[in-house]
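Working through the structure, step by step
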Amino acid sequence: MSSRNYLLLTPGPLTTSRTVKEAMLFDSCTWDEDYNLDTVQAIRQQLVSLATQAEDYTSVLLQGSGSYAVEAVLGSAIGETDKVLIVSNGAYGARMIEMASLMGIAHRAYDCGEINRPDASEIDRILDEDRSITHIAMVHCETTTGMLNPIAEVAELAQRYGKIYIVDAMSSFGGIPLDVAALKIDFLISSANKCLQGVPGFAFVIARQHELEKCKGRSRSLSLDLYAQWRCMEDHQGKWRFTSPTHTVLAFAQALRELAEEGGVEARYARYRSNQRALVTGMRMLGFETLLDDTLHSPIITAFYSPQDPTWRFADFYQRLKAQGFVIYPGKVSKSDCFRIGNIGEVYPSDITGLLAAVESAMYWKK
Ligand SMILES: *Cc1c(COP(=O)(O)O)cnc(C)c1O
């Protein structure tokens, strides 16, 4: 395999730097201080600092992909007599509904459709009407479409009605500035392999400590017990309950150093935005249309309508781009025929220029 493999224009796993990959060339001991104190505890502390300067937050790392942490939060934070309102406008909101159903968690779904922005006045109405709701869960950037959901508007409602607020910021944390304390978020979920540009293997939760403490003994699962995982990390200074993804953790520590070198979340956000703007401008010049209006868009991933041509096949287009070193993503929207291009990871505007040239030469249906 060549040292420079193709560029992943996908929302995780994504293209990581050579130095992040090289950080994995070391076998750590899971009970040694170098690993637990210097690496795991430092990561936990840095994650909280990225999320807020407020004092009452803590973080928990959890083995698995992002969905494992979403399931751990839903299964640990929502008690037997509680009920969660799940706001959904895509595959990841729908996944939370599926998790709640499977775990027997009382829930109400507000599904506004994949291409619509959740309506705060409708959420207000539901909260007013159904007083048994205790928690609100929603996705920040819905990766299905690239839509940025109104987490600040819903934060106000969560506060006004006194609800526990859970945000799946999987594909946005580290790439879009936010402050969990200002947004009154009780549980924020993200993972190593998205905007923080690490490799896959674990997810994490940034939680308001006194809410996390209430999760003791509530989990519906042994390995996805958020409280037990946190307790172990607190009591044993960074020790994971079960086998720790040691190499992934070393890569992540390096990825956090590189985020700081880049200039932090603001600088990364600026780069992603430049990537996304260059992508959309260039694709429009080639005749493609975006699924969403610009005002609804995140700088993370963009969905484009498939060309209306009888010879168009996503698989053919995909292979032609891959042969030129770019991997894109199929669509996930159920009602429209789309494909998606991500621009997070070790991706720069010059890569987007290269991609646009590749797209132009891959437009076989125009020839
Ligand atoms: C990536 C992602 C997840 C988690 O997906 P995994 O495949 O389990 O990593 C959850 N929510 C959102 C919004 C995502 O983008």
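Residues numbered from 1 in each chain as written. Predicted model: local features only at pLDDT ≥ 70, side-chain atom pairs only at ≥ 80, totals over all residues. Heavy atoms only, no water.

In the annotation of an unreviewed UniProt entry, the entry for the protein chain reads 2-aminoethylphosphonate--pyruvate transaminase, and the organism field reads Mixta theicola. For the protein chain, the Catalytic activity (unreviewed entry) comment in UniProt is given as "(2-aminoethyl)phosphonate + pyruvate = phosphonoacetaldehyde + L-alanine". (UniProt positions renumbered as here; feature names shortened; annotations may be inferred.)

Here's the deal with the overall build of the protein chain
Each helix and strand in the protein chain was counted, giving 12 helices and 14 strands. What you see for the protein chain is a C-alpha radius of gyration of 21 Å, in line with the 21 Å of a compact globule of 367 residues. Here the C-alpha coordinates of the protein chain stretch approximately 65 × 55 × 35 Å along the principal axes. Here the protein chain holds 367 residues, and the buried ones make up 57% of them. Long-range pairs, those at least 24 residues apart, make up 71% of the contacts in the protein chain with a sequence separation of at least 6. A gap of 3 Å separates the mean positions of the 36 positive and 44 negative side-chain charges of the protein chain. (Helix = DSSP H or I, 4+ residues; strand = E, 2+ residues; numbered from the N terminus. Rg over C-alpha atoms; globule rule 2.2 N^0.38 Å. Buried < 20%, exposed > 50% of the residue type's maximum accessible area, 1.4 Å probe, protein only. Contact = heavy atoms within 4.5 Å. Lys, Arg positive; Asp, Glu negative; His and termini not counted. Charge placed at Lys NZ, Arg CZ, Asp CG, Glu CD.)

Examining the packing of helix α11 (residues 314-323) against helix α12 (residues 349-362)
Here α11 crosses α12 at 130°, and the two axes come no closer than 9 Å. One way to sum up the angle between α11 and α12 is to call them oblique. Between α11 and α12 lies a crossing of right-handed hand. Of α12, the residues touching α11 (which contributes Phe-317, Arg-320 and Leu-321) are Ala-358, Val-359 and Ala-362. (Axes fitted to C-alpha atoms, helices over the stretch in contact; angles between N-to-C directions. Parallel < 35°, antiparallel > 145°, perpendicular 65-115°, else oblique. Left-handed = near helix turned anticlockwise from the far one by under 90°.)

Considerations on the UniProt feature "binding site: substrate" (unreviewed entry) in the protein chain
In the numbering adopted here, UniProt assigns the feature "binding site: substrate" (unreviewed entry) to Arg-340. Apart from residues lying up to four places away in sequence, Arg-340 is in contact with Thr-143, Thr-144, Ile-301, Thr-302, Ala-303, Ile-328, Tyr-329, Pro-330, Gly-331 and Lys-332. A distance of 2.7 Å separates a polar atom in the side chain of Arg-340 from the backbone oxygen of Thr-143. (Polar contact = N/O pair within 3.5 Å; in protein donor to acceptor, adjacent residues only side chain to side chain.)

A short note on the packing of aromatic side chains
Scanning the model with the defined rule gives 16 aromatic pairs in all. Seen in terms of ring centroids, Phe-317 and Trp-365 are 5.5 Å apart; in terms of plane orientation they differ by 70°. Their pairing is edge-to-face. With Phe-317 in helix α11 and Trp-365 in the segment after α12, the pair connects residues that are 48 residues apart, well separated along the chain. Counting every residue linked through ring pairs, the aromatic cluster contains Phe-288, Phe-304, Trp-312, Phe-317, Phe-339, Tyr-364 and Trp-365. Here the basic side chain of Lys-194 rests over the ring of Tyr-92, its NZ or CZ set 5.7 Å away from the ring centre. Directly above the aromatic system of Tyr-348 lies the positively charged group of Arg-271, at a separation of 4.5 Å from the ring centroid. (Phe/Tyr/Trp six-rings, centres within 6.5 Å; stacked < 30°, edge-to-face > 60°. Lys NZ or Arg CZ within 6 Å of the ring centre and 35° of its normal.)

What about the side chain of Thr-302?
Within the fold, Thr-302 resides in strand β11 (residues 301-305). A polar contact is formed between the side chain of Thr-302 and the side chain of Gln-276, at a distance of 3.0 Å. Once residues lying within four places of it in the same chain are set aside, the contact partners of Thr-302 are Gln-276, Leu-279, Val-280, Thr-290, His-297, Phe-339, Arg-340, Ile-341 and Asn-343.

Some remarks on the UniProt feature "modified residue: N6-(pyridoxal phosphate)lysine" (unreviewed entry) in the protein chain
Cross-referencing UniProt, the feature "modified residue: N6-(pyridoxal phosphate)lysine" (unreviewed entry) maps to Lys-194 in the present numbering. Residues in contact with Lys-194, not counting those within four places in the same chain, are Pro-11, Leu-14, Met-170, Ser-171 and Ile-344.

Thoughts on the environment of Ala-51
With respect to the secondary-structure elements, Ala-51 resides in helix α2 (residues 33-51). Under the relative-accessibility criterion, Ala-51 is labelled buried at 1%. C-alpha of Ala-51 to C-alpha of Leu-222: the two residues are 171 residues apart in sequence and 27 Å apart in space. Apart from residues lying up to four places away in sequence, Ala-51 is in contact with Phe-173, Leu-178, Asp-179, Val-180 and Ile-206.

Things to note about the environment of Ile-344
Tracing the sequence through the fold places Ile-344 in the loop between β14 (338-342) and α12. Taking relative accessible area as the criterion, Ile-344 reaches 0% and is therefore assigned buried. A C-alpha to C-alpha distance of 25 Å links Ile-344 and Val-73, two positions 271 residues apart in sequence. Sequence-distant contacts of Ile-344, that is, excluding residues within four places in its chain, are made with Leu-8, Thr-10, Pro-11, Leu-14, Lys-194, Cys-195, Tyr-272 and Ile-300.

Comments concerning the site of the ligand
If you check the shell around the ligand, you find Ser-65, Gly-66, Ser-67, Tyr-92, Arg-95, Val-139, Cys-141, Thr-143, Asp-168, Met-170, Ser-171 and Lys-194 and nothing else. Between the ligand and Asp-168, the relevant distance is 2.7 Å, taken from a nitrogen atom to a side-chain nitrogen or oxygen of the residue. One nitrogen or oxygen atom from the side chain of Lys-194 is found 2.8 Å from an oxygen atom belonging to the ligand. Put simply, the parts of the chain that give the shell around the ligand at least two residues each are α3 (66-77) and α4 (91-103). (Near = heavy atom within 4 Å.)

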